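# Reading the structure
Now for the letters of each chain:
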Amino acid sequence: GENVEQHPSTLSVQEGDSAVIKCTYSDSASNYFPWYKQELGKRPQLIIDIRSNVGEKKDQRIAVTLNKTAKHFSLHITETQPEDSAVYFCAVGGGYNKLIFGAGTRLAVHP
Amino acid sequence: KAGVTQTPRYLIKTRGQQVTLSCSPISGHRSVSWYQQTPGQGLQFLFEYFSETQRNKGNFPGRFSGRQFSNSRSEMNVSTLELGDSALYLCASRKTGISGGQETQYFGPGTRLLVL
């Protein structure tokens, strides 16, 4: 069955440092890998996504890398800022025609 | 384009009661998914509707049900509420939900349900 593991569950960094969150999945048919950011009391918002024909995608300070052979993908945030503090969810789509979410990573960026 | 909307935003019920939540997807989107979010369990998939038909279902008891109307608006119902049903219920819409699940999914603001 589908399974998505996300690590770490909490991450604390100093402003300006980089943050990396990793997810692994089990279904080899998966071909869509979005990342969502959820601030306290708000809805999850898509911040970046990658599809299986691409190994890496960047959008300003955010990047996602995908290793389909190893079935894992990662979110990289560089030059972190306090407003990056939130819960980040990875998700996997494709094999079951629905999105399966990881458990989330609570990122705290300290000034 | 207006985003995904959900009503009501907050709800307080007592055990044993039932509740109906509503979700209006982005105009033109035909797939609506529902999720339960709790601090302990994260985002758990409830079910997905497309063209008024339930297409996928998560591992929730039969007390959780839903439906979709011809205008793609969706409702979910929880009967015989239990304390553990207290959660944020999120709906999300996609255009079709096919294409191997590669379409971007947009979330609504959620309905926060408290069961006393």
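Refer to the structure above for everything that follows.
Residues numbered from 1 in each chain as written. Chains lettered and ligands numbered in written order. Predicted model: local features only at pLDDT ≥ 70, side-chain atom pairs only at ≥ 80, totals over all residues. Heavy atoms only, no water.

### Quick word on the pattern of salt bridges
Side chains carrying opposite charge are able to pair once their charged atoms draw close together. Considering all chains together, one arrives at nine salt bridges over all chains under this definition. Between Glu82(B) and Arg63(B) there is a salt bridge; the shortest N-O distance is 3.6 Å. In this pair, Glu82(B) is assigned in the loop between strand 8 (74-78) and strand 9 (87-94) and Arg63(B) in the loop between strand 6 (53-57) and strand 7 (64-68), connecting sequence segments 19 residues apart. Judged by its relative accessible area of 16%, Arg63(B) falls in the buried class. A single network of salt bridges, built from pairs that share partners, joins Asp49(A), Arg51(A) and Lys57(A). (Salt bridge = Lys/Arg side-chain N within 4 Å of Asp/Glu carboxyl O. Helix = DSSP H or I, 4+ residues; strand = E, 2+ residues; numbered from the N terminus. Buried < 20%, exposed > 50% of the residue type's maximum accessible area, 1.4 Å probe, protein only.)

### A look at the state of the cysteines
Residues and elements named next belong to chain A. As enumerated under the stated definition, the model contains two disulfides over all chains in all. Across the disulfide, Cys 23 is cross-linked to Cys 90 (sulfur-sulfur distance 1.9 Å). One disulfide, between Cys 23 and Cys 90, carries an S-S torsion of -100° and so falls in the left-handed class. With Cys 23 in strand 3 (residues 19-25) and Cys 90 in strand 9 (residues 86-92), this pair connects stretches of sequence that are 67 residues apart. Pair check on accessibility: Cys 23 and Cys 90 agree, each one buried. (Disulfide = S-S within 2.5 Å.)

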